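Structural overview for review
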Amino acid sequence: MSKEFALAAFKSLGTVGAVYPSSKYLARKMTKRVKRDLKSIVELGAGTGTITSSIIEQAGKTCRINSFEIDSGLYVGLSSDPIFSRYDNLHFHLASAFDFRRYLDSAERPDLIISSLPLAILPKPQVIRMLLDAKEVLRPGGVFVQYQYSPESFSMLKRIFSKVETSVELRNIPPALIYTCSI
Ligand SMILES: C[S@@+](CC[C@H](N)C(=O)[O-])C[C@H]1O[C@@H](n2cnc3c(N)ncnc32)[C@H](O)[C@@H]1O
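To keep things clear, this report deals only with the structure shown in the data block. (Residues numbered from 1 in each chain as written. Predicted model: local features only at pLDDT ≥ 70, side-chain atom pairs only at ≥ 80, totals over all residues.)

Examining the overall build of the chain
For clarity, the threshold we go by: Strands here mean DSSP runs of E at least two residues long; helices mean DSSP runs of H or I at least four residues long; both are numbered from the N terminus. In this scheme the burial state of a residue depends on its C-beta neighbours within 10 Å: 20 or more other such atoms mean buried, 12 or fewer mean exposed, and anything in between means partly exposed; the C-beta positions come from the backbone. Here the contact rule is simple: place C-beta atoms from the backbone, and any two residues whose C-beta atoms are within 7 Å are in contact.
Per the secondary structure count, the chain includes seven helices and seven strands. Secondary structure elements of the chain, listed N to C terminal, follow the sequence α-α-β-α-β-α-α-β-β-α-β-α-β-β. Projecting the C-alpha coordinates of the chain onto the three principal axes gives extents of approximately 40 × 35 × 30 Å. Counting every position in the chain, which comprises 183 residues, the buried fraction comes to 41%. Counting contacts in the chain only where the partners sit at least 6 residues apart, residues at least 24 apart contribute 73% of the total.

Structure (structure tokens):
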């Protein structure tokens, strides 16, 4: 996606929950668990595709990547980006992340779910349902990775997942907290 388009699309939105796209440093930390041999990765809230790029650079060509974005302007930017179009294994969905399970193959158990959703400004019951879905569908040993700009969602993640590791990325506007949640 071109930088100009991305910034314009991003700044005109109310549901984005951010002022700028994620930095490449945040994207790297969010995708630390991506390995060549993974079979399925889900991305929630792809936005301008910074984290998507980092996922495709590190995942193998046979890994199925399902990426969700609810905003149609951002979705058009993602799905028309010639860099992303080269990857047959990357599937963008103009759909709510809350419905992500409907888009998985029946036996698909993601290895990783990587979320940029602004949890703090989304309806809590739907967020909790989505987190429970993520926990249920991840393969054994699978991980849910989430970033946020405030510690508000930490206690909710702690209640749902068995272990939540926290790290910080200062080289992002604003600095971000990264939660790596084990099922
Ligand atoms: C903080 S931004 C993501 C930033 C992204 N990492 C980037 O670098 O551009 C959050 C994204 O989640 C999307 N979003 C919000 N609610 C959503 C939902 N229910 N389903 C899918 N995407 C959603 C927003 O449109 C926005 O693009």
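Quick look at the sheet that holds strand S4 (residues 112-115)
Applicable threshold: Any two strands with at least two DSSP bridges between them are considered paired. Axes here mean lines fitted to C-alpha atoms, for a helix over just the part in contact, with angles spanning 0 to 180 degrees between N-to-C directions.
Here seven strands make up an open sheet; going across it, the order is S3-S2-S1-S4-S5-S7-S6 and the pairing mixed. Bordering the open sheet on either side are strand S3 (90-94) and strand S6 (163-169), each of which pairs with just one other strand. Averaged over all pairs of adjacent strands, the angle between their axes in this sheet comes to 15°, without regard to strand direction.

Observations regarding the site of the ligand
To keep things clear, this is the line we draw: Put plainly, near means the residue's C-beta atom, positioned from the backbone, lies within 6 Å of the molecule or strand in question.
Not every one of the 25 residues close to the ligand is listed here, only the nearest: Ser 22, Gly 45, Gly 47, Thr 48 and Ala 97. Breaking the shell around the ligand down by element, the ones donating at least two residues are helix H3 (50-58) and strand S2 (64-69).

Re the environment of Asn 66
Among the secondary structure elements, Asn 66 is positioned in strand S2. Asn 66 sits in the buried class, given 22 other C-beta atoms within 10 Å. Residues Asn 66 and Gly 47, 19 residues apart in the sequence, show an inter-C-alpha distance of 14 Å. Residues contacting Asn 66, with those up to four places away along its chain left out, are Val 42, His 91, His 93, Tyr 103 and Leu 104.

Description of the nonpolar core
So the rule is basically this: Any nonpolar core is a set of buried residues, restricted to Ala, Val, Leu, Ile, Met, Phe, Trp, Tyr and Cys, that join up through C-beta atoms within 7 Å.
In this structure, Ile 41, Ile 55, Ala 59, Leu 112, Ile 113, Ile 114 and Phe 144 are the most contacted members of the largest nonpolar core, which totals 41 residues. Dropping the residues within four chain positions of it, Phe 144 is found in contact with Ile 113, Ser 115, Ala 134, Leu 138, Phe 161 and Cys 181.

A closer look at the environment of Asp 37
Relative to the helices and strands, Asp 37 resides in the loop between helix H2 (24-30) and strand S1 (40-44). The exposure class assigned to Asp 37 is exposed, which follows from the 9 C-beta atoms found within 10 Å. Each C-alpha atom of the pair Asp 37 and Pro 174 lies 33 Å from the other, and the pair is 137 residues apart in sequence.

Topic: H3
Along H3, the residues that are buried comprise Ile 51, Thr 52, Ser 54, Ile 55 and Ile 56. Along its buried surface, H3 packs onto H2, S1, S2, helix H5 (82-85), S3 and S4.

Digging into helix H6 (residues 124-137)
Applied cut-off: In this analysis, the expected span of each helix is defined as 1.5 Å times one less than the number of residues it contains. By arc we mean the arc of the directions from the helix axis to the C-beta atoms, nothing more.
When the terminal C-alpha atoms of H6 are compared, their 20 Å separation across 14 residues agrees well with the 20 Å that a helix rising 1.5 Å per residue should span. Among all positions of H6, only Val 127, Met 130, Leu 131 and Ala 134 are buried. Taken end-on, H6 shows its buried residues confined to a sector of 100°, consistent with a single buried face. For H6, the exposed residues lying more than 90 degrees away from the buried face are Pro 125, Arg 129, Leu 132 and Glu 136. Buried residues in H6 make contact with S4, strand S5 (143-148) and helix H7 (154-160).

Examining the environment of Gly 49
With respect to the secondary-structure elements, Gly 49 resides in the loop between S1 and H3. Through-space distance from the C-alpha of Gly 49 to that of Ser 67 is 9.4 Å; in sequence the pair is 18 residues apart.

Points about unusual backbone geometry
The step from Ile 173 to Pro 174 runs through a cis peptide bond, and the omega angle for that step is -10°. Mapped onto the fold, Pro 174 is located in the loop between S6 and strand S7 (176-182).

Some points on the pairing of S4
Here is the rule we go by: Note on handedness: a clockwise path from strand one over the helix to strand two, with the strands aimed away from the viewer, defines a right-handed crossover.
Residues Leu 112 and Ile 114 of S4 are buried on one face, and the alternating residues Ile 113 and Ser 115, pointing to the opposite face, are buried as well. Bridge count between S1 and S4: four bridges; the pairing is parallel. When the bridges of S4 are listed, Val 42 appears paired with Ile 113. Crossover handedness for the path S4 to H6 to S5: right-handed.

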